[in-house]
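Take a look at the letters that make up each chain.
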Amino acid sequence: MYWKSYSHAEMKRIIFGALDENLNYREKPVLGLPASYLDPQVFYNDAPFLKDAPFLSTLIANPNHIGCHTLTASEPAFQGTHKIERELIALCAQEIFEGGDEEFDGYVASGGTEANIQGMWVLKNYFINEHKAKAEEIGLVYSEDSHYSMPKGASLLSLKKYVTSIEEDTRRITKESVFSQIEQAKKDGVKHFIVVMNMSTTMFGSVDDIVEISGWLDELNIDYRIHVDGAYGGYIYPFVTDNDHYTFKNPKIFSFSLDGHKMLQSPYGTGIYLVRKGFMHHAITEEANYVKGKDYTLVGSRSGANAIAVWMIMRTYGSDGWKTKINQLMQKTSRLCDNLDERGVEYFRNPKMNIITIKGKYMTPELASKYMLVPDSHDNAKWYKIVIMDHVTQGFIDRFINDFDAQ
Ligand SMILES: *Cc1c(COP(=O)(O)O)cnc(C)c1O
């Protein structure tokens, strides 16, 4: 994994260059597009600081990134910034997820929810188009610790759901539940499976054992394709892990989602969907005739500034800088775990993640509420989680520990 870090001057040169390649509504007689720059009464483009602010300048120029730019020729009016989105997709697929020289498709989605649903949608249509599956013969498999975008997607796409169970303390998917769910699915007439693997769950930071679980699925001799939900872990786990189980080197993985707007601290609206070449076309909307290159994404119009924001953060750090930052968060997380160990507190923590989920019995609801710890369920809290984000200073952690001892 490697990508270079750029100076602010270098990024300005690239982004302002891209905006120059885009259509300028102030210069060209654009009579046919239902689009323009941001409202100039409110977002005037001659504020002096804008010449040093490539992201805000992109926001104001307001390029539309509708469509999927890795797949087809898209709207020439915004080709400059589309190129940066293409580079972003390639960086994520080839560097973060070790795709090597292989090419990938993808786009910047509204969030992890959309990227996950896009993943299910592509695979559903793939089974229908390539395996002559009927819609009711397709099942969605995910664990009970999975994000709620899975049931949401199953509802939208009318997929039958098969939810596997988790062992309470280890947060591991049980073999027994995989076998019984698949058996039930077969009884229901399901012949093809979309399997979601969590490269970190939201609540626990647990990572599904993809090697072991795909081994079980092979043993069951079913037709399945894996989508990885990396919405939470995508900008963390790959940076502290040496094995390639959760990379495109694993031939079982078809697609990934990851979220810029969680760990990367980019603006909301920066989910990322990545898929191997040869699958994206299954999500085509043939009727998207006014979009040059048609549309293959769930969302429709979307702001090009989002892609610029993610690209800028990744290019500011470079891969080495990002690894350093994530390692520092890991150390801070481990230090808090040591504090909890000294006190005999039971918690779950994946050593490759920055989440600590503490058993509810060790904490008063008042303490949890003072530090805004999120319960696993707002009705009946069995666990509370701590997420070591950028703003979580050692001072905050020390105060928490003091209050913890005093409760
Ligand atoms: C946050 C999250 C999502 C959903 O992402 P949004 O960006 O809120 O749509 C999906 N899966 C996991 C594991 C997440 O942490």
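Rules and cut-offs
- Residues numbered from 1 in each chain as written.
- Predicted model: local features only at pLDDT ≥ 70, side-chain atom pairs only at ≥ 80, totals over all residues.
- Heavy atoms only, no water.
- 1 Å grid on protein atoms, 1.4 Å probe; cavity = no way out; pocket = protein on both sides within 12 Å on 5 of 7 lines; lining within 4 Å.
- Points joined across faces, edges and corners; volume = space filled by probe spheres on them.
- Helix = DSSP H or I, 4+ residues; strand = E, 2+ residues; numbered from the N terminus.
- Nonpolar A, V, L, I, M, F, W, Y, C, P; charged D, E, K, R; others polar.
- Core = buried A, V, L, I, M, F, W, Y, C linked by side-chain atoms within 4.5 Å.
- Buried < 20%, exposed > 50% of the residue type's maximum accessible area, 1.4 Å probe, protein only.
- Domains from an automatic or database assignment.
- Contact = heavy atoms within 4.5 Å.
- Pairing = 2+ DSSP bridges.
- Axes fitted to C-alpha atoms, helices over the stretch in contact; angles between N-to-C directions.
- Expected span 1.5 Å × (residues − 1).
- Arc of directions from axis to C-beta.

A.B. asks: Quick rundown of empty space enclosed by the protein? Include the residues and the values.
C.D. replies: Applying the stated rule across the entire model yields one cavity of 30 Å³ or more. If you add up the space inside the largest cavity, you get close to 80 Å³. Lining of the largest cavity is provided by 13 residues; of these, V141, T164, V178, M197 and I213 occupy positions nearest its centre. Contributions of two or more residues to the lining of the largest cavity are made by β2 (138–143), α6 (175–187), β4 (192–198) and α7 (210–219). Of the residues belonging to the lining of the largest cavity, the class tally is ten nonpolar, three polar and no charged.

A.B. asks: Quick rundown of the nonpolar core? Include the residues and the values.
C.D. replies: By size, the foremost hydrophobic cluster in this structure holds 84 residues, and its most contacted members are Y235, L274 and M314. Broken down by element, the residue count for this core peaks at 14 residues, all from helix α8 (residues 304–342). Taken domain by domain, the makeup of this core includes at least three residues from each of domain 1 (79–302) and domain 2 (319–406). The residues touching Y235, leaving out its near neighbours within four places in the chain, are C92, I96, L258, D259, G260, M263, L264, I272, V310, M314, W322 and I326. Counting 28 residues, the second-largest nonpolar core is a separate cluster that includes A109, V122, M150 and Y296.

A.B. asks: Which residues make up the sheet that holds strand β1 (residues 104–109), and what are the values?
C.D. replies: With mixed pairing, seven strands are arranged side by side in an open sheet as β1-β7-β6-β5-β4-β2-β3. Only two strands of the sheet have a single neighbouring strand rather than two, namely β1 and β3 (160–164). Looking at each pair of strands side by side, their axes are set apart by 20 degrees on average, direction ignored. Inspection of the sheet shows strand β6 (residues 253–259) paired to strand β7 (residues 271–276) by five bridges, in the antiparallel sense. When the bridges of β7 are listed, F256 appears paired with L274. On top of the sheet, helix α3 (residues 79–96) reaches β1, β6 and β7; it is set at about 115 degrees to β1, its chief contact. Each of β2, β3, β4 and β5 (223–230) is contacted by helix α5 (residues 149–157), which is oriented at about 170 degrees to β2, the strand it contacts most.

A.B. asks: Explain α6 residue by residue, including any values.
C.D. replies: Compared with the 18 Å implied by 1.5 Å per residue over 13 residues, the 19 Å span of α6 between its first and last C-alpha is a close match. Within the sequence span of α6, burial applies to S177, V178, I182 and A185. Seen from one end, α6 has its buried residues packed into an arc of 125 degrees, which puts them on one side. Facing away from the buried surface of α6 by more than 90 degrees, the exposed residues are E176 and K187. On its buried side, α6 packs onto β2, β3, β4 and α7. Looking one or two places after α6, you find G189, whose phi comes out positive at around 90 degrees.

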